[in-house]
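Descriptive structure summary
Chain by chain, the residues run as shown.
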Amino acid sequence: MVGRVKLESLTSLRFVAAFWVVLYHTMPQAGRSGFGIDLTKLGYSAVTLFFMLSGFILMFVYRRFDSRAAVTRFLVARIARIYPMFALSLLIDLPRLALFRIAKYGLITGAGYSGVTLAAQLSLLQSWYPPIGALNYPSWSVSTELFFYLAFPLLLPLVARVRASGAIVAAMAALWAVCSVTRVFRVFDKTI
């Protein structure tokens, strides 16, 4: 890792993106219109912005890994940053969500379905196979974030070799791929 660098303006933009997502999830939208509400309805797209900014900042801060121990430290630090709050929120919400599934599907099926989904959630695999469902739907982003963290040490050497013009093409291709996959999951999510 090269020395730590702070990018205050990008960190501020990440805060704005995160706040936009919070507004998307908390503002009542039914039956209202106007510029503010329409802008709030696009809050889901701020997740992609947040991921891209985070990836850029990681690329800027971690230009290379000197050893496997450095990769391990990176992954442990990243997981320690996201997992405790994720697990706490899941465990707080678990009784309500499990009771809903038991009421909907019956004791055996509801408990079994909740158990499988809980295992996928606790292992942060819920967005890797969407049909398994989720106990906490917005947590798909934490699962996706883990995937990006796991991929980062593998992709970093490849990206470091790309020239600036190639990096722009690669970034555009990555953005297209992320948007395409997001659309597929969103369509798939509406069918289940």
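Our structure's up above, just so we're on the same page.
Here's a quick rundown of the structure. Along each chain, residue indices are assigned from 1 in the same order as the chain's sequence is written. Where local features are concerned, this predicted model is filtered to residues with pLDDT of at least 70; where side-chain atom pairs are given and counted, the filter is 80 or more; whole-chain, interface and lining totals use all residues. Just so you know, side-chain values use all the structure's heavy atoms and leave hydrogens and water out.

1. Observations regarding the overall build of the protein
Filter applied, for reference: Going along the chain from the N terminus, every DSSP run of H or I of four or more residues is numbered as a helix, and every run of E of two or more is numbered as a strand. Each residue gets one of three labels from its accessible area relative to the maximum for its type: buried under 20%, exposed over 50%, partly exposed in between, using a 1.4 Å probe on protein chains only. Whether two residues are in contact is decided by their heavy atoms, any of which lying within 4.5 Å being enough. Exposure was quantified through the Shrake-Rupley algorithm and a 1.4 Å probe, taking into account, for residues, occlusion by the shown protein chains and nothing else.
Per the secondary structure count, the protein includes 7 helices and 0 strands. For the protein, the α and β elements follow one another from N to C terminus as α-α-α-α-α-α-α. Among the 192 residues that make up the protein, the fraction classed as buried is 30%. The contacts of the protein with a sequence gap of at least 6 include a subset with a gap of at least 24, amounting to 60%. For the protein, the computed accessible surface area is about 12,700 Å², with 72% contributed by carbon and sulfur atoms.

2. Notes on the nonpolar core
Rules: Joining through side-chain atoms within 4.5 Å is the link that ties buried Ala, Val, Leu, Ile, Met, Phe, Trp, Tyr and Cys residues into a set, and such a set is a nonpolar core.
Of all hydrophobic cores here, the largest spans 22 residues; its most connected members are Leu58, Tyr62, Phe65, Phe74 and Phe152. Among the elements of the structure, helix H3 (45-61), helix H4 (68-105) and helix H6 (140-160) are those that each provide at least two residues to this core. For this core, the element with the most residues is H4, which contributes 7 residues. The contacts of phenylalanine 74, once residues within four sequence positions are left out, are Leu58, Tyr62, Phe65, Tyr149, Phe152 and Pro153. The next biggest cluster of nonpolar side chains, apart from the first, holds 5 residues, and it includes Ala17, Val21, Ala46 and Phe51.

3. Things to note about the packing of H4 against H6
Going by this rule: Convention adopted: a line fitted to C-alpha atoms gives each axis, helices being fitted over their contacting stretch, and angles between N-to-C directions are expressed from 0 to 180 degrees. When an angle is under 35 degrees it counts as roughly parallel; over 145 it counts as roughly antiparallel; between 65 and 115 it counts as roughly perpendicular; any other value is oblique.
Axis separation between H4 and H6 bottoms out at 10 Å; the angle between their running directions is 175°. The orientation of H4 relative to H6 falls into the category roughly antiparallel. Contact residues: Val71, Phe74, Leu75, Arg78, Ile79, Arg81, Ile82 and Phe86 in H4; Val142, Glu145, Leu146, Tyr149, Leu150, Phe152 and Pro153 in H6.

4. Let's talk about the packing of aromatic side chains
Keep this limit in mind: In this scheme Phe, Tyr and Trp rings, the latter by its six-membered ring, pair at centre separations within 6.5 Å, and the angle between planes marks the pair as stacked below 30 degrees, edge-to-face above 60, and tilted otherwise.
Under the definition given, this model contains 13 aromatic pairs. With 6.2 Å between their ring centres and 15° between their planes, phenylalanine 15 and phenylalanine 19 make a pair best called stacked. Here the residue phenylalanine 15 and the residue phenylalanine 19 both occupy positions in helix H1 (residues 8-26), the gap between them amounting to 4 residues, near one helical turn. You can call phenylalanine 19 partly exposed: its relative accessible area is 44%. An aromatic cluster is built from Tyr62, Phe65, Phe74, Tyr149 and Phe152, whose rings are joined through pairwise contacts.

5. Some thoughts on the environment of threonine 72
Within the element layout of this structure, threonine 72 appears in helix H4. Looking at threonine 72, the relative accessible area reads 47%, which means it is partly exposed. Measuring from C-alpha to C-alpha, the distance between threonine 72 and proline 153 comes to 9.6 Å, with 81 residues separating the pair along the chain.

6. Considerations on the side chain of glutamate 145
Inclusion rule: What qualifies as a polar contact is a pair of N or O atoms within 3.5 Å, subject to a donor-acceptor requirement within protein and to the restriction that residues adjacent in sequence count only when both atoms come from side chains.
Following the sequence through the fold, glutamate 145 ends up in helix H6. Among the polar contacts listed, one links the side chain of glutamate 145 to the side chain of arginine 81, at a separation of 2.5 Å. The contact partners of glutamate 145, leaving out residues within four places of it in the chain, are Phe51, Arg81 and Ile82.

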